[in-house]
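Here is what each chain is made of, one letter per residue.
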Amino acid sequence: DTAVSQTPKYLVTQMGNDKSIKCEQNLGHDTMYWYKQDSKKFLKIMFSYNNKELIINETVPNRFSPKSPDKAHLNLHINSLELGDSAVYFCASSGAGQPQHFGDGTRLSIL
Amino acid sequence: QQQVKQSPQSLIVQKGGISIINCAYENTAFDYFPWYQQFPGKGPALLIAIRPDVSEKKEGRFTISFNKSAKQFSLHIMDSQPGDSATYFCAASILGDKVIFGPGTSLSVIP
């Protein structure tokens, strides 16, 4: 019954590896987002998809690639992980003109 | 112009007291101002929101005051409780567009 769910909750990996984070929402929303929250808790948007189409792409290294197979799913793939990628990544979704609903985050730690 | 400023960075309030968090913005095109509450290990959750055509909105112990001419808004938590201890984010957006978050305020309510 979770509205926005992300997996995994924790991800510990070595520098240089490739990893993916999955997100699913069961709210029927058309728009989904990825945010990065750094160690100082600052929240910054990375990407936004509306009905599987990319609409926001902030200044993010192209090692990060979002993929939306359908409007209920938005996955994030990260290539060649770097130490600076350590953060909590949040998925969110919203309906038209509605506030965003967030998942509980994926804590990514790079060794 | 896209920035949202927030203060204080951290706040300690005694149980029963009033917690006040202030925010300011520059972009006059913003038309939606939500506040999010985040507990450790969880995603931000919408607490209360206001549009610029009203000067105040109250929901239970939480009140947003909005000053359009000064481009400022604030969150007041009346009768603060230990369970209110969390990080609070003000935000601003043009509804339907990306949300710009303030840097967050860590609130601790002590018994």
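A brief look at the structure comes next. In this text, all values refer to a predicted model and were calculated from it rather than measured experimentally.

A word on the overall build of chain A. On a plain count of helices and strands, chain A comes out with zero helices and 11 strands. Against the globule reference of 13 Å for 111 residues, chain A gives a C-alpha radius of gyration of 13 Å, in line with a compact fold. Of all 111 residues assigned to chain A, the portion counted as buried reaches 42%. Summarising the internal contacts of chain A: among those between residues at least 6 apart in sequence, 52% fall at separations of at least 24. Entry remark: accessible area of chain A is about 5,700 Å², with carbon and sulfur atoms responsible for 48%. Mean positive and mean negative side-chain charge positions of chain A (12 and 11 charges, respectively) differ by 5 Å.

Taken together, the contact pairs 18 residues of chain B with 17 residues of chain A. Approximately 1,500 Å² of surface area, both sides summed, lies buried where chain B meets chain A, with 56% of it carried by carbon and sulfur atoms. Summed over the three residues of chain B that lose the most area to chain A, namely Pro44, Lys98 and Phe101 of chain B, the buried surface amounts to 32% of that side. The closest approach of N and O atoms between aspartate 104 of chain A and lysine 42 of chain B, which form a salt bridge, is 3.4 Å. Connecting chain B to chain A are seven residue pairs in polar contact (both at pLDDT 80 or more).

So, about the environment of glutamate 58 of chain A. Turning to its location among the elements, glutamate 58 of chain A is positioned in the loop between strand S6 (53-57) and strand S7 (64-70). Sequence separation between glutamate 58 of chain A and isoleucine 45 of chain A is 13 residues, and the spatial gap between their C-alpha atoms is 7.0 Å. Sequence-distant contacts of glutamate 58 of chain A, defined by excluding residues within four places in its chain, comprise Lys44, Ile45 and Met46 of chain A together with Lys98 of chain B. A distance of 2.8 Å separates the side chain of glutamate 58 of chain A from the side chain of lysine 98 of chain B, its partner in a polar contact.

Next up on the list: the sheet that holds strand S8 (residues 72-77) of chain B. Whenever strands of a sheet pair, they do so through backbone hydrogen bonds, lying parallel or antiparallel. Residues and elements named next belong to chain B. The strand order S1-S3-S8-S7-S6 describes an open sheet built from five strands, whose pairing is antiparallel. On the outer flanks of this sheet lie strand S1 (4-7) and strand S6 (56-59), each paired with one strand and no other. If you compare each strand with its neighbour and ignore which way they point, the axes differ by 15° on average.

Time to look at the side chain of arginine 63 of chain A. All names here are of chain A. With respect to the secondary-structure elements, arginine 63 resides in the loop between S6 and S7. Judged by relative accessible area, arginine 63 falls into the buried class, the value being 14%. Side-chain polar atoms of arginine 63 contact the side chain of glutamate 82, separated by 3.5 Å.

On to the side chain of glutamine 37 of chain B. Residues and elements named next belong to chain B. Take glutamine 37: it is sitting in strand S4 (residues 33-38). Here glutamine 37 falls in the buried class, since its relative accessible area comes to 14%. Only 2.9 Å separates the side chain of glutamine 37 from the side chain of tyrosine 88, close enough to count as a polar contact.

With that out of the way, let us pick up the state of the cysteines. Think of a disulfide as a covalent bridge from one cysteine sulfur atom to another cysteine sulfur atom. The tally for this structure, following the rule as stated, stands at two disulfides over all chains. Disulfide pairing places cysteine 23 of chain A opposite cysteine 91 of chain A at an S-S distance of 1.9 Å. The chirality of the disulfide connecting cysteine 23 of chain A with cysteine 91 of chain A is left-handed, given an S-S dihedral of about -80°. Of the two residues, cysteine 23 of chain A sits in strand S3 (residues 19-25) while cysteine 91 of chain A sits in strand S9 (residues 87-94), which places them 68 residues apart along the sequence. By the burial criterion, cysteine 23 of chain A is buried, and cysteine 91 of chain A matches it. Residue pairing for cysteine 23 of chain B: its cysteine sulfur links by disulfide to cysteine 90 of chain B, the two sulfurs lying 1.9 Å apart. Since a negative S-S torsion denotes a left-handed disulfide, the cysteine 23 of chain B-cysteine 90 of chain B link at about -100° is left-handed. Of the two residues, cysteine 23 of chain B is situated in strand S3 (residues 19-25) and cysteine 90 of chain B in strand S9 (residues 86-93); the sequence distance between them amounts to 67 residues. Classification of cysteine 23 of chain B as buried rests on a relative accessible area of 3%. Using a relative accessible area of 0% as the deciding quantity, one classes cysteine 90 of chain B as buried.

About the thresholds
- Residues numbered from 1 in each chain as written.
- Chains lettered and ligands numbered in written order.
- Predicted model: local features only at pLDDT ≥ 70, side-chain atom pairs only at ≥ 80, totals over all residues.
- Heavy atoms only, no water.
- Helix = DSSP H or I, 4+ residues; strand = E, 2+ residues; numbered from the N terminus.
- Rg over C-alpha atoms; globule rule 2.2 N^0.38 Å.
- Buried < 20%, exposed > 50% of the residue type's maximum accessible area, 1.4 Å probe, protein only.
- Contact = heavy atoms within 4.5 Å.
- Areas by Shrake-Rupley, 256 points an atom, 1.4 Å probe, with all protein chains shown as cover.
- Lys, Arg positive; Asp, Glu negative; His and termini not counted.
- Charge placed at Lys NZ, Arg CZ, Asp CG, Glu CD.
- Buried area = accessible area lost by both parts, 1.4 Å probe.
- Salt bridge = Lys/Arg side-chain N within 4 Å of Asp/Glu carboxyl O.
- Polar contact = N/O pair within 3.5 Å; in protein donor to acceptor, adjacent residues only side chain to side chain.
- Pairing = 2+ DSSP bridges.
- Axes fitted to C-alpha atoms, helices over the stretch in contact; angles between N-to-C directions.
- Disulfide = S-S within 2.5 Å.

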